[in-house]
Amino acid sequence: VVVLATVLTGCGSSNTSGSSTKTTAFKAGMVTDTGGVDDKSFNQSSWEGLQKFGKDNNLKIGTDVKYLQSTQASDYSPNLNQLVHQNYNVVFGIGFLMQNDVQKIAEQNPNAKLGIIDAVAVDKNNKPLKNVASMTFKEEQGSFLVGVVAGLTTKTNKIGFVGGINSALIKKFENGFKAGVKTVNPKAQIYVQYAGAFNAPDKGQAIASTFYTQGADIIYAAAGDTGNGVFTEAKNRAKTGKKVWVIGVDKDQYAQGLPENVTLTSMVKRVDKAIYDVAAKTKAGKFPGGQVLQYGLEQNGVGIAPTTKNVSKKALDAVNSYKQKIVAGSIKVPQTDAEYKSFLSTLK
Amino acid sequence: MAYAIEMRHIRKAFPGIVANDDITLQVNEGEIHALFGENGAGKSTLMNILFGLYQPDEGEILVHGKKAKITDPNDANNLGIGMVHQHFMLIEKFTVAENIILGREPRIHGRLDMNKAVKIVRNLSEKYGLDVNPLEKVENITVGMQQRVEILKTLYRGSDILIFDEPTAVLTPIEIQELIEIMKRLVSEGKSIILITHKLKEIFEACDRVTVIRRGKVIDSLSLGETNPDELANMMVGRQVNTQINDEPYEPKEKILDVQNLTVLDSRKVKAVNDLSLTVHGGEILGVAGVDGNGQTELIEAISGMRKVKSGIIEIDGRDMTNHRTRKITEAGLGYIPEDRQKHGLVLDFTVGENLVLQTYYQKPYAKAGILNQKVISKKARQLIEEYDVRTPGERTLARSLSGGNQQKVIVAREVDRSPKLLVAAQPTRGLDIGAIEFIHGKLLEEKKKGKAILLVSFELDEILHLADRIAVIYEGHIIDIVNPKETSEHELGLLMAGHKKEESRE
Amino acid sequence: MSGLLKKVNWMTLVVPLVSVFLGLLCGALIMLAGGYNPLLAYGSIIQSIFLQPYYAGETIRAMIPLVLAGLAVAFAFRTGLFNIGVEGQLMAGWLASVACAIELDGLPRIILLPLSIIAGAVVGGLWGYLPGLLKARFKVHEVISTIMMNYISLYATAYIIKNFLYTEGERTPTIPASASLASNFLANITQGSRLHWGFIVAIIGVILMWLILWKTTMGYELRSVGFSPDASKYAGMNVGRNIILSMAISGAFAGLAGAMEGLGTYQYMTINSAFTGIGFNGIAVALLGMNTPVGVVLAAALFAGLQTGGLTMQSVAGVPVELIQIVIALIIFFIGSSYVIKWALLRFSGRGRN
Amino acid sequence: MSFYEVLTIIIPSTLLTAAPLIFTSLGGVFSEKSGVVNIGLEGLMWVGAFTGAVATLTLEHAGMGQASPWIAILIAGVAGGIFSLIHAVVSISFRADQTVSGVALNFLASGLTIYLVKMIYNGQGQTPYITNNIDKISIPVLHNIPIIGPIFFQQVTYTSYIAILASFAVWYLLFKTPFGLRLRAVGEHPAAADTLGISVIKMRYIGVILSGVFGGIGGAVYLVTITSNFNISTIAGQGFLALAAMIFGKWHPIGAMLGSLFFGFAQALSITSQQIPYLDRLPSVIMLIAPYVLTLIVLTGFVGRAEAPKADGVPYIKGQR
Ligand SMILES: Nc1ncnc2c1ncn2[C@@H]1O[C@H](COP(=O)(O)OP(=O)(O)OP(=O)(O)O)[C@@H](O)[C@H]1O
Ligand SMILES: Nc1ncnc2c1ncn2[C@@H]1O[C@H](COP(=O)(O)OP(=O)(O)OP(=O)(O)O)[C@@H](O)[C@H]1O
Ligand SMILES: [Mg+2]
Ligand SMILES: [Mg+2]
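Starting from 1, residues in each chain are numbered consecutively following that chain's sequence as written. Note on labels: chains are lettered from A, ligands numbered from 1, in written order. Totals for whole chains, interfaces and linings use all residues, but because this is a predicted model, local features are given only for residues with pLDDT of at least 70 and pairs of side-chain atoms are given and counted only at 80 or more. Note that the side-chain values use all heavy atoms of the structure and ignore hydrogens as well as water.

### A closer look at the overall build of chain C
The following threshold applies: By the criteria applied, helices consist of DSSP H or I runs no shorter than four residues and strands consist of E runs no shorter than two, each listed in order from the N terminus. A radius of gyration in this sense is built from C-alpha atoms; the matching globule rule multiplies 2.2 Å by the number of residues raised to 0.38. The buried label goes to any residue with under 20% of its type's maximum accessible area, the exposed label to any with over 50%, and the partly exposed label to all in between, with areas taken from a 1.4 Å probe on protein chains only. The criterion used for residue contact is that any of the two residues' heavy atoms lie within 4.5 Å. For the accessible areas, the method is Shrake-Rupley and the probe is 1.4 Å, while residue cover comes only from the protein chains on display. We treat Lys and Arg as the positive residues and Asp and Glu as the negative residues; His and chain ends play no part in the count. By convention, charge coordinates are those of NZ in Lys, CZ in Arg, CG in Asp, or CD in Glu.
Along the backbone of chain C there are 15 helices and 0 strands. Here the C-alpha radius of gyration of chain C, 21 Å, is about what a compact globule of 354 residues would show, namely 20 Å. Counting only C-alpha atoms and orienting by the principal axes, one finds that chain C spans roughly 70 × 60 × 35 Å. The 354 residues of chain C split such that 64% are buried. Intrachain contacts of chain C at a sequence separation of at least 6 include 78% that bridge at least 24 residues. A total of about 12,600 Å² of accessible surface is found on chain C, and carbon and sulfur atoms cover 72% of it. Positive and negative charge centroids in chain C, built from 19 and 11 side chains respectively, lie 19 Å apart.

Spelled out as structure tokens, the structure:
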């Protein structure tokens, strides 16, 4: 299969490269960050989204629909450029780390169509760029819901949050989660720690170990690969007979909790949906350039995982009712530490 | 009766040089056989072949009359051949015992049996009167003792044929005597010995027969009864040798070097130079005689600014140079021929040209405003190479590829050409052949004629006796006596060097 | 003798070429083993970097830090020191130049730009100065100390950015245009590559190294101390000072490399969770370039080409980019084994000689 | 948290993070004692971790279950040994600069392993997760010992204890057996060893291969106890940390072990400290750079001179003068 693809791409590029403009099929491409399309996280679900789009429109995966992997930050720009120069109809940059490169290339190629995840692409004077679709997510809303689950499930009233890198993005996860917990379980105590990296499972494990030893029985890991360390620790504990939970992130991580079954639930972030959505719009000639598409609960852009085996009936009901409230806007989930403070005060 | 060792028609070539050319060597059972020749004549190479370190290109070896194939030191050991190398082969961090048993360790169920090792070593050293402390680390013992360890290594392996490659080069006169005793004892125990040396004296004291090698070829092989020192010397160099003698009248001029109550600590913080005073005048050669390790090195290092002075004063040409930087002292008029030419005298990976300006590269005309002037430098280099007859393809050749004697010539050229007021020469001819020695002695005497002050440090008594106007004998860090070469004897010097000062000592 | 010398010179040229060839050859074999098409792969690399202005531009851009890193390693090598710390010195210099540019925003370009560049060189130099000092004073082997310094730099720069120069996107703010080396002109003639004026700095660096080492008394001392500290000491040189000086200069080159990334390629510094790899590539570049300034440039061109072209290779021939790294590693091995290559070559050309 | 509670957190995680370092640094001891500098430890850990992952996955698939990771560790040791042969050939037989060869080894390892992962797992940049990793458990009986039980024998893996025992075994091998004496001799004064009929080349090959075996084991242990899948960021500097630990331990097996434990402790503390009152104030960067700074300090000799083997890093060329 690989060989075949090779040959195809081979000729594919030889006539697209240079400045030839003949484009037959619709072509959509994406550039991963250093995580790669199998990071069990948003790179992966982005690619899943793009592949689904490809299948539904019977486009050739690997040529008409393809991804380029970056091995270092300096690859983003050339990779994006490559797809743009090969006349892909839409090119996605996955992750806020690529914001700068996407902006630059968007400005250099005004008639290229690009998309960026988790960031808002703007020009010199902070106006949204006409030829970039920015896709952001209301992670705080999804995190609020899993927070509710955690708050209602904990036996020790001690809950942990492990963040990857302490950034505004992950803060949204943290504050939404804390808000959810506190709303349903005011006396719950929440430990928070950032590993300082998305790719340090060893740190994730050590932090989890600390939390569990301190008595926490549920940990929400919004930390990419670092979160895998949390799973490792949880499974370890489970094997030694302690009942501890992990709340997964980005995708439904139920399977990863097996066989010890330590995944309580997961906060899914439907990057795949967003990608599919924008790709489809573009194909239909309705490319949402210059727009900031926010995917929240009502768009089902975020939410709790479909697998709910381990979530109590009580918790599920609570989740649904709070979901209504949030969508209705009667609850405004905090994103920043400041907002979280004021949110707490409203609880009292 | 078969020879203990017979090497037939040995040939060994190295890139660019034939080290051994059809050499035949025959050593009788139970004799001390001298191997005599210039540096690079091929002695070590021949012995390394016998010991299996090198493979001969041609020729065969017979041990006790039997043909032998010696491809590595193991074979040599098994044939009972042991070698004490020119450069010691000892592991400093290991104990004496560990060094001796290494490679043939006594064991009990796979484990090292150190107790047994120590016992064995004790027995051996008693049997042959080679006094060592098996448990001492090699780094802490004297050179003489290290050599005994080397000998014990070969005895432990049951060698009955021992090769000594220039064993005396590193030894003090006393240790040399001891070594000769030991060798005689070994022979009386039925061992056969091959002794490599440059020193005629030792050959006539110790050996039964001698084989003379020159430039890779055997000149002659004869028993010492049939010959005399001069003949051997001539054989070695292949021409009449006329040793330089200091026949210049001795008329000292103004004081150039003045050392007063100098005290210097060595690296172990022990007083190596202890309240020492001496002066050197223009137009004189002051020879410093003494057994190695009596403070000579520290004295010179102090004078040249390489080592801190604890107390005392060093004046060069009337200017206080105590604890000044080397560069400053050099500029004040010090020329310095260091003891270890390869380590201290030359940058081996620099070209001959670059080495020739090692002291002056930063001065006009070789450099202006920090920019080197290559033209002037190579011109100067060519001139010196010519003048001092340094055998090298050109000034662009790396100093590394020069031979020992020629390397030394480069240093002498560099230091003498600056015509410094004071020239300190430490072991200037160590390990050199008679040809090179002649040349360097000649240069020193020339400088004396020019009225320069020369401080000559040497362990070779005859060198000092030949050249010096006055001989200062150094013992335990201070000058025990100053004698006149014309009126003293090796015997007297020997006593002084050993610390025995005569009552009515001359001034 | 002179004939032999000629042979040696001839060798110093041939060995790198042979090594590169062998490296690429092994790379091809590995691709075949993996079921890829080497011709297509290498073809795509050449095709992209020679026929597509964008990749030509990106290649030159990638060369800039590689050359400077290579010079850093080569300079240290020439003075008998092995500077594995280029990686850390580079990051230190990168942060310094960016910080300087941001903090002193407002200064006119003619002052701010040079100042920021120098800031990078100085801090990089300091990062090299320390191992130099440790070696001079305490005989600490520079290989070990510079490795340690790399990690200290990695974590320290990350910490400083996080706490003092932080902005969204895990990085420092973008530097003011007045400190930027980027150039629309260069970008435009290369289809918008990130090529920037830094290449001038690199060229200056090359000339500088050559001048310092072979034309000045300073260089004479540095080389002398590199070859034989003892002899240099006896010749009245200050060995410690020269070791420190050498490491500092080497570090300064590395710092410049960092400044080029900060002021040219990126216009900011991201929080690095891992090394940039430029420093380590610099070692390869220096070795392949036989530690000569010109050689470094050629070697840098090769590696930059391979790495930029590697991205096209990934998308066109589907070969994992890691292959490039494998090839580079192999080239280093072959260069390192020059002794055997020489030996083999002499064997082949041996018939001619008696 | 009570101080005791802190200990029950920090000590086990120290033991956990130290184990791979101990194995790898012991590898370093072998090669450097024989006179071959090994900057390539990092690369050897890459290979070990990679092999550990692939082997475990394969064995699991073959139904070996719980035994898989243990067997995988051994396989990784073999793989490391084989991989280190490159370093041996290039730096011993081909007389390349040992540091250069080591650097290249790291390059090659990281490139090759990821390349192979993509080969084996059709294009993926990382292996799947192993299901049978070596778990932290409570050592039977021992963990009941009052006070020290929970500190030293709970939440620990057997590998940590094996590592510590290994360091004593290595010490015995190096200092109590003829083999050790010869290995050290070759590292101190190869020419001398040679004249005594010891094959310098052979001993150095053994030294380097052993470093490969231990490095491989170190990498595998790291994988099966901590990360449980292999990707580009699995091994990020642990090899260099092990190198530092070896130097910190003054090229001595026991020292290397203690050094590794200490570095493990620093890392554990850097994480747990954030949950400890007052300590959480001090920036974690201090803990992160502590191992490296301390190594530098050790090297400066304030903590007693660290003596590398005399011929460490010097290629041996027979009959060179
Ligand atoms: N390994 C080698 N490679 C190249 N040439 C060598 C080697 N060993 C010795 N030679 C050369 O072969 C010749 C004989 O050297 P050898 O060491 O045998 O001389 P020697 O008689 O021992 O001199 P010395 O008295 O200085 O020890 C010399 O010219 C020497 O430079
Ligand atoms: N290790 C070596 N490798 C290659 N050539 C060598 C080596 N050692 C010495 N030579 C060559 O052998 C020749 C003689 O070297 P050696 O040091 O033995 O000089 P020598 O015979 O002692 O001369 P002198 O009597 O002047 O000291 C030199 O020309 C040198 O180039
Ligand atoms: Mg010689
Ligand atoms: Mg000799």
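After that view, the rundown keeps rolling.
### Re the interface of chain D and chain C
Quite often, the size of an interface is put as the accessible area lost when its parts meet. To be explicit about the condition: Two parts placed together each lose some accessible area under a 1.4 Å probe, and the buried area is that loss summed for both. Throughout this description, the term salt bridge denotes a Lys or Arg side-chain nitrogen within 4 Å of a carboxyl oxygen of Asp or Glu. In this classification, the charged set is Asp, Glu, Lys and Arg, the nonpolar set is Ala, Val, Leu, Ile, Met, Phe, Trp, Tyr, Cys and Pro, and all remaining amino acids, among them Gly, are polar.
In this assembly, 40 residues from chain D lie in contact with 41 residues from chain C. A buried area of about 3,600 Å², summed over both sides, lies between chain D and chain C, and 82% of it is on carbon and sulfur atoms. Counting across the interface, chain D meets chain C through 1 salt bridge. The salt bridge involving D:Lys118 is made with C:Glu322; its shortest N-O contact spans 3.1 Å. If you list the elements that add at least two residues to the side of chain D that touches chain C, you get helix H3 (67-93), helix H4 (98-120), helix H10 (238-248) and helix H12 (284-300) of chain D. Broken down by element, the residue count for the side of chain D that touches chain C peaks at 15 residues, all from H4(D). Within the side of chain D that touches chain C, the residues separate by chemical class into 28 nonpolar, 8 polar and 4 charged.

### Quick look at the interface of chain C and chain A
Put simply, the test is: Pairs of N or O atoms are called polar contacts if they sit within 3.5 Å, as long as, within protein, a hydrogen donor faces a hydrogen acceptor (for residues adjacent in sequence, only side-chain-to-side-chain pairs).
Each partner contributes residues to the interface: chain C has 30 residues there, and chain A has 33 residues. When chain C packs against chain A, close to 2,500 Å² is buried across both sides, 50% of that on carbon and sulfur atoms. Looking only at chain C, the three residues that lose the most surface to chain A are C:Arg194, C:Leu311 and C:Ser315, adding up to 21% of its buried area. Seen at the junction of chain C and chain A, the total is 0 salt bridges. Our count for the chain C to chain A interface comes out at 10 residue pairs in polar contact (both at pLDDT 80 or more). Among the elements of the structure, helix H2 (38-51), helix H3 (53-78) and helix H13 (293-317) of chain C are those that each provide at least two residues to the side of chain C that touches chain A. Of all the elements, H13(C) adds the most residues to the side of chain C that touches chain A, at 6 residues. In the side of chain C that touches chain A, the residues fall into 11 nonpolar, 11 polar and 8 charged.

### Structural notes on unusual backbone geometry
In the segment running from A:Leu258 into A:Pro259, the intervening peptide bond is cis, with an omega of -5 degrees. With respect to the helices, strands and loops of the structure, A:Pro259 is situated in the loop between strand S9 (245-250) and strand S10 (263-269). Cis geometry marks the peptide bond from B:Lys364 to B:Pro365, where omega comes out at 0 degrees. Within the secondary structure layout, B:Pro365 lies in the loop between helix H12 (352-356) and strand S19 (367-368). Here the phi dihedral of B:Asp275 falls at roughly 55 degrees; this positive angle occurs in a residue that is not glycine.

### Observations concerning the sheet that holds strand S17 (residues 319-320) of chain B
One key point about sheets: their strands pair by backbone hydrogen bonds, in either a parallel or an antiparallel sense. Residues and elements named next belong to chain B. How we decide: Whether two strands pair comes down to DSSP finding at least two bridges between them.
Pairing in this open sheet of 4 strands is antiparallel, and the strands run S14-S13-S16-S17 from one edge to the other. Each edge of the open sheet is held by one strand with a lone partner, namely strand S14 (271-281) and S17. Pairing analysis gives 5 bridges linking strand S13 (residues 255-265) to strand S16 (residues 311-316), with the strands arranged antiparallel. When the bridges of S16 are listed, threonine 263 appears paired with serine 311.

### Describing the UniProt feature "transmembrane region" (unreviewed entry) in chain C
The condition is simple: UniProt positions are given in the numbering used here, feature names are shortened, and annotations may be inferred rather than shown by experiment.
Within this structure's numbering, the places UniProt gives as "transmembrane region" (unreviewed entry) are residues 12-33, 63-86, 106-130, 142-161, 195-214, 243-260 and 323-345 of chain C. As a span, residues 12-33 of chain C carries 100% helix and 0% strand, and end to end its C-alpha atoms are 32 Å apart.

### Quick look at the nonpolar core
For clarity, the threshold we go by: Put simply, a nonpolar core is a bunch of buried Ala, Val, Leu, Ile, Met, Phe, Trp, Tyr and Cys residues held in one set by side-chain atoms that sit within 4.5 Å of each other.
In this structure, B:Ile151 and B:Phe164 are the most contacted members of the largest nonpolar core, which totals 248 residues. With residues near it in sequence (within four places) discarded, B:Phe164 still touches B:Val84, B:Ile151, B:Leu179, B:Met183, B:Leu186, B:Ile193, B:Ile194, B:Leu195 and B:Ile196. Within the second largest apolar cluster, 83 residues are counted, among which are A:Val90, A:Phe96, A:Ala274 and A:Ile304.

### Things to note about the arrangement of the chains
Ranked by contact count, the leading pair among the 5 pairs of chains in contact consists of chains C and D. For the non-touching pair chain A and chain B, the nearest C-alpha separation works out to 41 Å.

### Comments concerning the confidence of the model for chain A
Applied cut-off: pLDDT: the predictor's confidence for each residue, scored from 0 to 100.
Averaged over chain A, the pLDDT score is 85; the fraction of residues at 70 or greater is 93%. A low-confidence stretch, residues 1-23 of chain A stays under pLDDT 50, and its non-local contacts, those more than four residues away or across chains, total 26 contacts.

### A look at the packing of aromatic side chains
Heads up, the condition is: Here is the rule: rings of Phe, Tyr and Trp (six-membered ring for Trp) pair when centre to centre is within 6.5 Å. Planes less than 30 degrees apart are stacked, more than 60 are edge-to-face, and the remainder are tilted.
Following the criterion strictly, the structure yields 38 aromatic pairs over all chains and no others. On the basis of an interplanar angle of 25 degrees and a centroid distance of 5.6 Å, the ring pair of A:Tyr191 and A:Phe211 is categorised as stacked. Taken together, the residues span a long stretch of sequence, with A:Tyr191 in strand S7 (residues 189-194) and A:Phe211 in helix H7 (residues 201-213) at a distance of 20 residues. In this pair, the class of A:Tyr191 matches that of A:Phe211, namely buried. Considering the side-chain rings of D:Trp46 and D:Phe230, the 6.0 Å spacing of their centres and the 80 degrees angle between planes classify their relative orientation as edge-to-face. With D:Trp46 in helix H2 (residues 41-61) and D:Phe230 in the loop between helix H9 (200-227) and H10, this pair connects stretches of sequence that are 184 residues apart.

### Here we look at the pairing of strand S9 (residues 161-165) of chain B
Residue and element names in this part refer to chain B. Among the 5 residues of S9, 5 are classified as buried, and the element is accordingly described as predominantly covered. Side chains Ile161, Ile163 and Asp165 project from S9 onto one buried face, and the interleaved Leu162 and Phe164 project onto a second face that is buried too. The pairing of strand S6 (residues 81-84) with S9 spans 4 bridges and is parallel. Bridged to isoleucine 81 within S9 is isoleucine 161. Across 5 bridges, the pairing between S9 and strand S10 (residues 192-197) is parallel. Of the residues in S10, the one forming a bridge with isoleucine 163 is isoleucine 194.

### Remarks on the packing of H3(C) against helix H8 (residues 198-215) of chain C
Residue and element names in this part refer to chain C. What counts is decided by this rule: For helices, the fitted axis covers only the stretch in contact; all axes are lines through C-alpha atoms, and the angles between them, taken along N-to-C directions, range from 0 to 180 degrees. The cut-offs work like this: below 35 degrees is roughly parallel, past 145 is roughly antiparallel, 65 to 115 is roughly perpendicular, and the gaps in between are oblique. Handedness of a crossing follows from how the near helix is turned relative to the far one, being left-handed for an anticlockwise turn of less than a right angle and right-handed for a clockwise one.
Contact geometry of H3 with H8 gives a least axis separation of 9 Å together with a crossing angle of 15 degrees. It follows that H3 is roughly parallel to H8 by the angle criterion. Viewed along their axes, H3 and H8 form a crossing whose handedness is left-handed. Across from Ile64, Val67, Leu68, Leu71, Ala74, Phe75 and Arg78 in H3, the residues of H8 making contact are Gly198, Phe199, Ala202, Gly205, Val206, Met209, Ile212, Leu213 and Trp214.

### Description of H12(D)
Within an α-helix, residues lying three or four positions from one another point in the same direction, as the helix has 3.6 residues per turn. This is how it is decided: A helix is expected to span 1.5 Å for every residue after the first. Note on bend: at a given residue it equals the angle between the axes fitted to the 7 residues ending there and to the 7 starting there.
In this model, H12(D) (17 residues) spans 25 Å end to end at C-alpha, consistent with the 24 Å of a helix rising 1.5 Å per residue. The largest bend in H12(D) amounts to roughly 45 degrees and is located at D:Ala290, with the proline D:Pro291 lying one to four residues further along. When we look at burial in H12(D), the residues that qualify are D:Val285, D:Met287, D:Ile289, D:Ala290, D:Pro291, D:Tyr292, D:Thr295, D:Leu296, D:Val298, D:Leu299 and D:Thr300. Here the buried face of H12(D) lies against helix H5 (109-138) and helix H6 (142-164) of chain C together with H10 and helix H11 (253-272) of chain D.

### Digging into the sheet that holds strand S4 (residues 114-117) of chain A
Residues and elements named next belong to chain A. A sheet is described by the order of its strands in space; here 6 strands give the open sequence S2-S1-S3-S4-S5-S11, paired in parallel fashion. Every other strand in the sheet has two partners, leaving strand S2 (65-68) and strand S11 (292-295) as the edge strands with one partner each. Strand-to-strand twist in this sheet, taken as the mean axis angle between neighbours without regard to direction, amounts to 20 degrees. Looking at chain direction, strand S1 (residues 28-31) and S2 are connected through 4 bridges and run parallel. Among the inter-strand pairings, methionine 30 is bridged to a residue of S2, identified as tyrosine 67. Each of S1, S2, strand S3 (90-93) and S4 touches helix H3 (residues 76-85); the most contacted strand, S1, lies at about 175 degrees to it.

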